[in-house]
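# Chain and residue survey
The residues making up each chain are set out below.
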Amino acid sequence: MPATHRTETRDTDPSALRAIAETLARDAGQLVRDHSGAHDMRPEFADKSSATDLVTEFDRLAEDHIVSELARLRPGDGILAEEGATSASTTGTTWVIDPIDGTTNFVYGLPTWSTSVAAVVDGITIAGAVYAPALGEMYSAASGSGAQLNGHLIGQTTSPRPLDTAIVATGFTYRRELRVAQAALVGLLLGAVGDIRRLGSAALDLCMVAAGRVDAYVEEHLNPWDVAAGLLIATEAGAQVSDFSGGPANPSQLLVSAPQLHAGLLEVLAQRDLSTR
Ligand code: IPD
Ligand code: CA
Ligand code: CA
């Protein structure tokens, strides 16, 4: 994240920042949906880190919209965005942005893609929004105020859930050499849980845990923009988050689950063969 040199202060009320994140995510997501809907064909795409890591003109359109709105609404706030926008913060607040999370789904016309916007104040995410235009779903959270789906509070229940019936979402990096180890991890999980889902948007995977639509989510090798908003949404909904050893969650290693399942999932993850990593 760009270095912060605080020279001015600005409103850091989590609810106010959530409202901004929602507006930015909704407007950018709708811009993408409306403009891409004007083309009847699959959007043109280019490769990024590998032949399967795609970027379209719409990723850039969404990012440009969010960045220019932030320059107008919050001059001095920092930016960290997937398609390259970056600026240092002079206020202590930095916006972490994935303009389209799930670009492959977007290119193929699958509905699970989202725009993710998070406000990070002094290194802590305090507000975020994940908007999925093709699902008509806005997930958001403000620190201490809970998580919402389309304006209604969502949360994890505490009722017991057996691990061997749990539905666990996961995802895979674009780096083929790391996917072999990720496949082994899925093998371990399949032996212990009910079933696996691969939705194709890390931000939405986290929101699905928040909404109780999957019981857990496990992924490695992500970036801050994939998870900044979604992690706050999951946490505010009452999900438990950690790395694979029970330490602090981070984009390179993430276990997010219903609290009753966390210890059992950590035991499963502890069995992975470290020699393949
Ligand atoms: C990807 C998605 C996917 C995850 C990948 C991410 P992108 O983001 O979140 O679910 O498995 O690791 O890179 O490239 O569509 O923004
Ligand atoms: Ca992403
Ligand atoms: Ca992206």
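An account of the accompanying structure is given in this report. Just so you know, these numbers come straight off a predicted model, no measurement behind them.

## Observations regarding the packing of helix H5 (residues 202-210) against helix H6 (residues 224-236)
When two helices pack together, you describe them by how their axes are tilted relative to each other and by the distance separating the axes. Their axes nearest at 8 Å, the elements H5 and H6 cross at an angle of 0°. Classified by the angle their axes make, H5 and H6 are roughly parallel. Here H5 contributes Ala202, Ala203, Leu206, Cys207 and Ala210 to the contact with H6, which in turn contributes Asp226, Val227, Gly230, Leu231, Ile233 and Ala234. Across the contact of H5 with H6, the residue classes break down as nine nonpolar, one polar and one charged.

## Digging into the coordination of the calcium ion (ligand 3)
Tetrahedral coordination by four donors puts the ideal angle at the metal at 109.5 degrees, and octahedral coordination by six puts it at 90 or 180 degrees. Each protein donor to the calcium ion (ligand 3) is listed here as Glu82 (OE), Asp98 (OD) and Ile100 (O); together their distances run 2.1 to 2.3 Å. Counting the intervening residues between successive donors of the calcium ion (ligand 3) yields the motif E-x15-D-x1-I. Taken as a pair, the calcium ion (ligand 3) and the calcium ion (ligand 2) lie 3.7 Å from each other and share Asp98 as a ligand. Placement of the pair is Glu82 in the loop between strand E3 (78-81) and strand E4 (86-87) and Asp98 in strand E5 (residues 93-101), with a sequence separation of 16 residues. Judged by its relative accessible area of 22%, Glu82 falls in the partly exposed class. Assessed through its relative accessible area of 0%, Asp98 is described here as buried.

## Topic: the coordination of the calcium ion (ligand 2)
In this structure, Asp98 (OD), Asp101 (OD) and Asp226 (OD) serve as the protein donors to the calcium ion (ligand 2), at separations of 2.1 to 2.2 Å. Read in sequence order, the donor residues for the calcium ion (ligand 2) give the motif D-x2-D-x124-D.

## Digging into the pattern of salt bridges
A side chain with one charge may pair with a side chain of the opposite charge, provided their charged atoms come close. Applying the stated criterion to the full structure yields six salt bridges. Of the charged contacts, one joins Arg72 and Glu69 as a salt bridge, the two residues approaching to 2.7 Å between their closest N and O atoms. Highlighted residues: Arg72 and Glu69, both in helix H2 (residues 57-73), separated by three residues, approximately one helical turn. Glu69 sits in the buried class, given a relative accessible area of 19%. Two residues, Arg197 and Asp195, come together in a salt bridge whose shortest N-O distance is 3.5 Å.

## Considering the pairing of strand E11 (residues 167-170)
When E11 meets strand E12 (residues 195-197), the two strands line up parallel, connected through three bridges. Residue pairing in the sheet places Ala169 in a bridge with Arg197 of E12. Once the chain exits E11 it traverses helix H4 (residues 176-190) before rejoining the sheet at E12, and the crossover so formed is right-handed. Direction of pairing for E11 relative to strand E13 (residues 216-220): parallel, over a ladder of three bridges. Looking across to E13, one finds that Thr170 is bridged to Val218.

## A word on the side chain of Asp77
Along the chain, Asp77 falls in the loop between H2 and E3. Reaching out from Asp77, the side chain makes a polar contact with the side chain of Thr91 at a distance of 2.5 Å. A polar contact of 2.9 Å, which involves the side chain of Asp77, links it to the side chain of Trp95. With residues near it in sequence (within four places) discarded, Asp77 still touches Arg10, Ser87, Ala88, Ser89, Thr91, Thr93 and Trp95.

## Describing the side chain of Arg272
Positionally, Arg272 belongs in the segment after helix H7 (259-270). One buried charged side chain, Arg272, makes no salt bridge at all; its nearest oppositely charged neighbour is Glu220, positioned 4.2 Å away. A polar contact of 3.0 Å, which involves the side chain of Arg272, links it to the backbone oxygen of Leu269.

## Here we look at the packing of aromatic side chains
Within this structure, the stated rule accounts for two aromatic pairs. Ring geometry for Phe58 against Phe106: centres 5.6 Å apart, planes inclined by 75°, an arrangement best described as edge-to-face. Within this pair, whereas Phe58 is found in helix H2, its partner Phe106 is found in helix H3 (residues 103-108), the two being separated by 48 residues in sequence. For Phe58, a relative accessible area of 3% corresponds to the buried category. Relative accessible area serves as the criterion here: at 6%, Phe106 is assigned to the buried category. An aromatic cluster is present here, built from Phe58, Phe106 and Trp113 joined pairwise through their rings. Sitting above the plane of the Tyr131 ring, Arg26 keeps its charged end 6.0 Å from the centroid.

## Some points on the nonpolar core
Formed by 35 residues in total, the largest nonpolar core has its most connected members in Val130, Tyr139, Leu206, Tyr217, Ile233, Leu254 and Val256. Secondary-structure elements contributing two or more residues to this core are strand E6 (114-121), strand E7 (124-132), strand E8 (137-142), strand E9 (147-149), H5, H6 and strand E15 (253-257). In terms of domain composition, this core takes at least three residues from each of domain 1 (14-154) and domain 2 (163-272). Sequence-distant contacts of Tyr139, defined by excluding residues within four places in its chain, comprise Gly128, Ala129, Val130, Gln148, Leu149, Ile154, Leu204, Cys207, Met208, Ala211, Arg213 and Ile233. Formed by 28 residues, the second largest nonpolar core is a distinct cluster that contains Ala25, Ala28, Ile97 and Ala119.

The rules behind each value
- Residues numbered from 1 in each chain as written.
- Chains lettered and ligands numbered in written order.
- Predicted model: local features only at pLDDT ≥ 70, side-chain atom pairs only at ≥ 80, totals over all residues.
- Heavy atoms only, no water.
- Axes fitted to C-alpha atoms, helices over the stretch in contact; angles between N-to-C directions.
- Helix = DSSP H or I, 4+ residues; strand = E, 2+ residues; numbered from the N terminus.
- Parallel < 35°, antiparallel > 145°, perpendicular 65-115°, else oblique.
- Contact = heavy atoms within 4.5 Å.
- Nonpolar A, V, L, I, M, F, W, Y, C, P; charged D, E, K, R; others polar.
- Donors = N, O, S within 2.8 Å, 3.2 Å for Na, K, Ca; no water.
- Buried < 20%, exposed > 50% of the residue type's maximum accessible area, 1.4 Å probe, protein only.
- Salt bridge = Lys/Arg side-chain N within 4 Å of Asp/Glu carboxyl O.
- Pairing = 2+ DSSP bridges.
- Right-handed = clockwise from strand over helix to strand, strands pointing away.
- Polar contact = N/O pair within 3.5 Å; in protein donor to acceptor, adjacent residues only side chain to side chain.
- Lys, Arg positive; Asp, Glu negative; His and termini not counted.
- Phe/Tyr/Trp six-rings, centres within 6.5 Å; stacked < 30°, edge-to-face > 60°.
- Lys NZ or Arg CZ within 6 Å of the ring centre and 35° of its normal.
- Core = buried A, V, L, I, M, F, W, Y, C linked by side-chain atoms within 4.5 Å.
- Domains from an automatic or database assignment.

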